[in-house]
Structure formats: structure tokens, C-alpha cells
Amino acid sequence: MKLYNTLTRKSEEFVPLEPGRVKMYVCGPTVYDYFHIGNARPFIVFDVFRRYLEYRGYRVTLAQNITDVDDKIINKATSEGIAAQEVARRYTEAYFEDLERLDIHRADVQPRATETIPQMIEFIQRLIDKGYAYDHDGNVYFRVRKFKNYGQLSGKSVDQLKSGARVAVDERKEDPLDFALWKAAKPGEPSWPSPWGEGRPGWHLECSVMATSILGDTLDIHAGGTDLIFPHHENEIAQSEAATGQRFVRYWMHNELLHFEGEKMSKSLGNFEYAREITERYGPEAVRYFYLAKHYRTPISFSHRAMAEARRAVERVYRLLEEIESQAQSAAEPELNEAQLSERGRALLGKLSQTREAFISHMDDDFNTAGALGQLFELVRELNLCISEDLQPAELPLLRAGEQLIRELGRPLGLFQGAPWQEVQEGLQGELIELLIEVRSQLRIKREYQLADEIRQRLSRLGVELKDQDRRTLWSYGTASQGSDERARA
Ligand SMILES: [Zn+2]
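Conventions we followed
Residues numbered from 1 in each chain as written. Predicted model: local features only at pLDDT ≥ 70, side-chain atom pairs only at ≥ 80, totals over all residues. Heavy atoms only, no water. Donors = N, O, S within 2.8 Å, 3.2 Å for Na, K, Ca; no water. Tetrahedral: all angles 85-135°; square planar, octahedral: opposite > 155°, others 65-115°. Helix = DSSP H or I, 4+ residues; strand = E, 2+ residues; numbered from the N terminus. Core = buried A, V, L, I, M, F, W, Y, C linked by side-chain atoms within 4.5 Å. Buried < 20%, exposed > 50% of the residue type's maximum accessible area, 1.4 Å probe, protein only. Domains from an automatic or database assignment. Contact = heavy atoms within 4.5 Å. Patch = residues over 30% accessible without salt bridge, like charges linked within 9 Å, V, L, I, M, F, W, Y side chains within 5 Å. Areas by Shrake-Rupley, 256 points an atom, 1.4 Å probe, with all protein chains shown as cover. Salt bridge = Lys/Arg side-chain N within 4 Å of Asp/Glu carboxyl O. Pairing = 2+ DSSP bridges. Axes fitted to C-alpha atoms, helices over the stretch in contact; angles between N-to-C directions.

Draft legend 1. The coordination of the zinc ion, seen in detail. Around the zinc ion, the protein contributes the donor atoms Cys27 (SG), Cys207 (SG), His232 (NE2) and Glu236 (OE), which lie 2.1 to 2.8 Å from the metal centre. Seen from the zinc ion, its 4 donor atoms lie at angles of 71 to 133°, and the figure they make is irregular. For the zinc ion, the single-chain donor residues occur in sequence as C-x179-C-x24-H-x3-E. Here His232 and its partner Glu236 are both found in helix α7 (residues 229–244), 4 residues apart, which amounts to about one turn of the helix.

Following this line, the structure appears as C-alpha cells:
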């Protein structure tokens, strides 16, 4: 298996430290809000990667942090007039709900920062003892220039960084490049006692401590979005290797980001859609397919059209599975007899025998889910042709084998495991709701507000709520509706 390693900027043969075992860490969420659809990319992509490693027979231990103390959490708590712990509790719960909605398996170990404070204090003390960190008025900083390999992951030299605009001068630091490991408490903020006074850990430190305390000094794989390469992952390497004296990570994997209207999707830019809303609207498999149909190192643009296309692609497979099941029910299944196969049947047999191998060879090539899905869809096309062109009874076992193969290869992707009839019905339901929304917006353009409002109300009685936003109409099952078509007239 080959993986592109961000650290060496090369595709490398994947060799875990211990044969057959993989120790893997993926940066987790800061729990101050629901995660947006762009944040879902690393969660989905590395969930699939982990499942694929398991499919290939590896025993994987995945650890992921939950950052439950942070400036963003404190700011949210202040603006809502509630305790920071309450914000963290609420959105940790929401995080797990959203993972489940998207069928993302939970990590084996999911430590919360606030439950790991003693280990963090011990880690900082080790860095101070080794001369890599210093205390200034209750703040502890990492001495970046003392760590000789700083900049190896991001490809930036210390001197380049120094002249960069990101680095602001801070009187408390020996060098502007130094970053905080421990932050002295400010009034009203959550804090813990430490040898340097009351305070809380810095974000970069959390990942180093949680990763090494759970997985050991050296991880096989550390993954996250490209936006975390600098400074977060660069700092993780510096802290961890300074503290342990060992190589921290063997393979660094980074997914590219989701773009929205030409920019990175982000909360701070305000151009985002919540993952839970998109999942509700298009279904979890459409969201997973949307990401997996592209290579994880390729940027993707978000659009509702692309999501709808992803949903249609998933439905195409379910419709086929449904068709195969109904064919198999309507006839006794004969043994496979190659001599009786039509030309079409022989082509399908050939496709069946090569699909698994081709799928694996794409996945083994730096986790090329796009190529692997392409193989699966070629098989789907062959199966559909076979069904539509006068199916012979002798070909029924081939359809069954096709169904089983789609199910098998879909499993590591988290796709095509549902009941076909139900999936097709749910997809149809979504299409019908969107059709009604389209009719309603046409009515509004023609100023037929009464009829438009009737559609909205009747949908609401069925538990479907519409929300008009930025010239688009969003729908969801059962959240409070806003606005009225009557009022839109004013
Ligand atoms: Zn991290």
C-alpha cells in the first residue's frame, strides 16, 4: 500500500511500526458549535481509511481528541451568557450525534482535553526540564529555535516565518515564533492549578499529549486537514519530539479542503452549511459519496447541485440492488453454468472477476477512493446492461454475485449497506419535496402567494419545514419554520 506522506512530499510504501497493527490519530473538533459540511471531510475520509485498513486485515487503534477548553468555547459562552463547560457539553453531544448521522465510526479512544490536564502538566514540565520551554508570569512557551527541525512539515524555514506577517511581537516571549503551551488564567475562564499558577493548556499541546499518552511516542499515521499543517501540526512535531526524543509520526496524511463560492468554507468567513442540515436533506450516503468520489488530496467545491448529483449516484446503485432482489425472488436460482451465458453474461462474468482486484489496487494507491468507486460503477453499469437486455435465467447467479460484491466493497466506504427498497423510497421522498419547493418558488415569482403559502403549510403539517434563506429554500424534518408567503408580499 502506498501513501502520500506530507512530511517527505512523496508517495511511500506504507509499513507500520508493528506488522499488522496501525496506530492512528486524527485531530478532533473544538466543541463550540455544530460542525459544518467542510469539517466533515476529514472525519469521513479518515473513517473510510480506517475501515479500509481493517478490510485489508490490519488491527487499527484510532485516537481522536475533543478540544473542550478553548478561546472559541469561552467566547461562545460569554456571548450566550452560559458557562463554558455547558457550551462544551452541548456541542460534544451534538458532535457524537452528527457522527452517527453520517455513519462515521467513533474512535477507539476519544479523550477530552479537560480530562487530560495532569498528563499535560507533566509533559510541559518535561519540556521545561529539557530546556525547550520557559515560564513567564504563569504563561509557558515553547522555544521554537531550540528545536532544530522546526518547519520540516510545512516546508517553511524559521527565518521565513520570522518575516511572515502571522507572527506578532509579544513582550512575554523570548522570540515572536514561540507559542503557548500553558496560558495563565484570566478572570471568569475555566482554569486548573499548575506549577506555574492557575491556567489552561494551549491547543497544540493537547494533541501531542493525547496522541502520545494513548498511542505511544511514535504513531503510524497522523491525519487532518491541510489547514492544520501550519502551525498546528508543525508545533505538534516540535513538542512531541522535543519531549520524547523519538520520531513522532511516520506518515502524515492531509486532506484538501472544501471550498464554497471560491473560498475555504469556514465559520469565520460565514460561508458554511451545517453538516447535520446537509445530511438530513441529502442523506448520509450522498454526503459520503460526495467526498469519496474525489481524491482526498483534491480540493472540492460545495454546491447543492453536486450534493443532489451525489444522491442520484447513490440511488442508482440502490435501484439496481432492488432490481436484483426482485429478479432473484421471481425465479428459482440456477447454478452458474458458463456454457449457457449470453455474450452480455460473459462480459459481466469478466467484470465480476476483476472488480475486487481493481478496487483494491486503486485504494492501495494513496487511498484513491475516486478510482475505486469508478470500478464499482463500471460493475453497476454492466449489471444494469445485463438486466435491461433480455436477462437469461442462467445469468441470475451473476446478478447475485454482483450484489454481494457491491455490498462487500461498499462496506469499507460506508456505502450501499442499507435496505434498497427503503433507500429508494427515501430518495424519492426527498425529490418530491424538492419538486414542491420548485413549484412554490415559481408561484411566488408569479405573485401567487396564497397558493405558495398553502404548499408551505401542507408540507408543515406533514412534518416538513421550509426556511427561505438567501434566495434559496431549505427544508428539514420538523424544525421551527420561519416566514410566511403572505408576509413576503409586503
Ligand atoms: Zn490536533
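Draft legend 2. Structural view of the nonpolar core. If you look at the biggest cluster of nonpolar residues, it comprises 93 residues, and the most contacted ones within it are Met24, Phe49, Leu53, Ile221 and Phe416. If you tally residues by element for this core, the top one is helix α10 (residues 304–330), at 10 residues. Counting only domains with at least three residues in this core, you end up with domain 1 (2–292) and domain 2 (316–418). What Ile221 contacts, discounting residues up to four positions off in sequence, is Leu3, Phe14, Val22, Lys23, Met24, Tyr25, Phe49, Leu53, Val249, Tyr251 and Met253.

Draft legend 3. Just a nonpolar patch on the surface, in detail. A cluster of nonpolar side chains, contributed by Leu428, Leu432, Leu435 and Val439, occupies part of the molecular surface with about 350 Å² of accessible area. Its place among the elements puts Leu435 in helix α14 (residues 420–445).

Draft legend 4. Looking closely at the sheet that holds strand β3 (residues 21–26). Strand order in the open sheet made by the 4 strands is β4-β3-β9-β10, with parallel pairing throughout. Two strands bound the open sheet, and with one partner strand each, they are β4 (59–63) and β10 (249–255). Across the sheet, the axes of successive neighbouring strands diverge by a mean angle of 25°, strand direction being ignored. In terms of strand pairing, β3 meets strand β9 (residues 219–225) through 3 bridges, oriented parallel. Each residue of the ladder has a partner; that of Tyr25, found in β9, is His222. On top of the sheet, helix α6 (residues 203–215) reaches β3, β4 and β9; it is set at about 160° to β3, its chief contact.

In short, geometric facts, not functional conclusions.
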